[in-house]
Amino acid sequence: MNWSIQILEYGYVDRFPASNLFAAQPNAGHRRMPYCFGLVRSSDRCILVDTGFFDAAVHERLTRKYGETRWAHPVDVLARVGVAPEQVDTILLTHNHFDHAGCVGAFPAAHVYIQRREIDSYVAAAERAHRFEFLTRSCQAGLPEHLAGRRATLVDGFAEIAPGVEVRPAHDTHTAGSQVVAVTNDSDGAWVFAGDNVYSYENLEGLHGDGVYAPIAMTTGSATTWLTFADEMLAGVGHDTRRILPFHEAAVWDRFPSTTFDDGLHVAEIRRRP
C-alpha cells in the first residue's frame, strides 16, 4: 500500500515566542509559526490528520499577541489540492486543542478517531474548580458532545485505521491523551505526524544542531515522558528526523517540495503516490 502525504498550512503568526516551543529557553527570540494539518490519500481513501480551526475572534486575539497573522478556512485550503469536505472519510485527531480539532464539524461524513484518554481527561479537567483552568485553556470546547452525535471511535492505545495507517499513543506528553499518526508505504517506509509532540525540528535535532533533545514547552505532561517518547518515535523511523512531520514548523517548506499561494500559505508534498 502506498499513500500520498501532504502538509497544508491554513494560517500563521509572524512573531511567536520560541520560549513557547522549547522548555527552559526564556531568551530564544521569536519566529514565524505556521498552523497546519495533514492529508493522506489513496485511490479510494481521504484521511485528515487534524482539522485546523477558523474563528475570527481567535484570529484577532492571536494578531494582538503575535503581530502579523494570516488565515484561511481549512475547507478552502483543501480545495486548493482538489478535496471537497464530503470526500474526507476519516479524521485522526492528535489531541483536543482548538487549532487541531476546531473544524471537525466541517467534515460531517468523516469517521473521527481520538484517544479515549484524551476525551476522558478533558471531561475530568472541565469538572474541576476554575483554578485548574490551565488544563482546558486550549481545548476545543464541546468536542466530547460533538463526537457523541456522529461516527467516532475513542481509541485505547494503538490502532490500525487503514492498511499502513496507525495511531500510536503519546500519553502524558503534550496532553494527557495525545497520539501520533504513522503512515507506512511499501515504497518508502514510515512517516509520522507528530501533532504537537514536535513543534520544530530543533526539538529533535537540538537547538544548536547537536542532537540533544529540546523538550517541548506548553505541555500538561512531563519532560521526562516526552524525552522517552521522542526517542522511541525517532527510533521507529531510523532516527531520520525528516520523517517526523510537525504542524508548526516553517522549515517544512524548505525540506520538502512546496507550493506558495498568493496569500502566503503553503502546501508541502511529503510523498506523492506512485
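Residues numbered from 1 in each chain as written. Predicted model: local features only at pLDDT ≥ 70, side-chain atom pairs only at ≥ 80, totals over all residues. Heavy atoms only, no water.

A. Seen up close, the overall build of the protein chain. Within the protein chain, the secondary structure is distributed over eight helices and 14 strands. The C-alpha radius of gyration computed for the protein chain amounts to 17 Å, which stays within 12% of the reference 19 Å derived for 274 residues, consistent with globular compactness. Overall, the C-alpha framework of the protein chain stretches about 45 × 45 × 40 Å when taken along its three principal axes. Summed over its atoms, the accessible surface of the protein chain is roughly 11600 Å², and 49% of this surface lies on carbon and sulfur atoms. (Helix = DSSP H or I, 4+ residues; strand = E, 2+ residues; numbered from the N terminus. Rg over C-alpha atoms; globule rule 2.2 N^0.38 Å. Areas by Shrake-Rupley, 256 points an atom, 1.4 Å probe, with all protein chains shown as cover.)

B. Quick look at the environment of Phe 37. When you line up the elements, Phe 37 lands in strand β2 (residues 30–41). Separated by 67 residues in the primary sequence, Phe 37 and Val 104 have C-alpha atoms spaced 12 Å apart.

C. Broad picture of helix α1 (residues 56–66). Every buried residue belonging to α1 is among Val 58, His 59, Leu 62 and Tyr 66, and all of these are buried. What you see down the axis of α1 is that its buried residues fit within an arc of 105°, all on one side. Exposed and oriented more than 90 degrees from the buried face of α1 are Ala 56, Ala 57 and Arg 64. Close packing links the buried residues of α1 with β1 (4–17), β2, β4 (69–71) and α3 (98–101). Its side-chain oxygen at 2.9 Å from the backbone nitrogen of Ala 57, Asp 55 defines the N-terminal cap of α1. Where α1 ends, the next residue or the one after it, Gly 67, has phi of about 80°, a positive value. (Buried < 20%, exposed > 50% of the residue type's maximum accessible area, 1.4 Å probe, protein only. Arc of directions from axis to C-beta. Contact = heavy atoms within 4.5 Å. Polar contact = N/O pair within 3.5 Å; in protein donor to acceptor, adjacent residues only side chain to side chain.)

D. Inspection of the state of the cysteines at higher detail. Evaluated as defined, the whole model comprises zero disulfides. Looking at Cys 46, it has no disulfide partner, and the nearest cysteine sulfur is the one in Cys 103, 15 Å off. Under the relative-accessibility criterion, Cys 46 is labelled buried at 5%. Its sulfur unpaired, Cys 139 is 16 Å from the next cysteine sulfur, which belongs to Cys 103. (Disulfide = S-S within 2.5 Å.)

E. Representation of the nonpolar core within the structure. Counting 58 residues, the largest nonpolar core has Leu 78, Val 88, Ile 91 and Ile 244 as its most contacted members. Setting aside residues no more than four positions away along its own chain, Ile 244 makes contact with Val 192, Ala 194, Val 198, Tyr 201, Leu 204, Met 233, Leu 234 and Val 237. (Core = buried A, V, L, I, M, F, W, Y, C linked by side-chain atoms within 4.5 Å.)

F. Highlighting helix α7 (residues 223–235). With 13 residues, α7 extends 18 Å from end C-alpha to end C-alpha; this agrees with the ideal 18 Å at 1.5 Å per step. Trp 226, Phe 229, Ala 230, Met 233 and Leu 234 are the residues of α7 that are buried. Seen along its axis, α7 keeps its buried residues to an arc of 130°; they face one direction. Exposed residues on α7 whose side chains face more than 90 degrees from its buried face are Thr 224 and Glu 232. (Expected span 1.5 Å × (residues − 1).)

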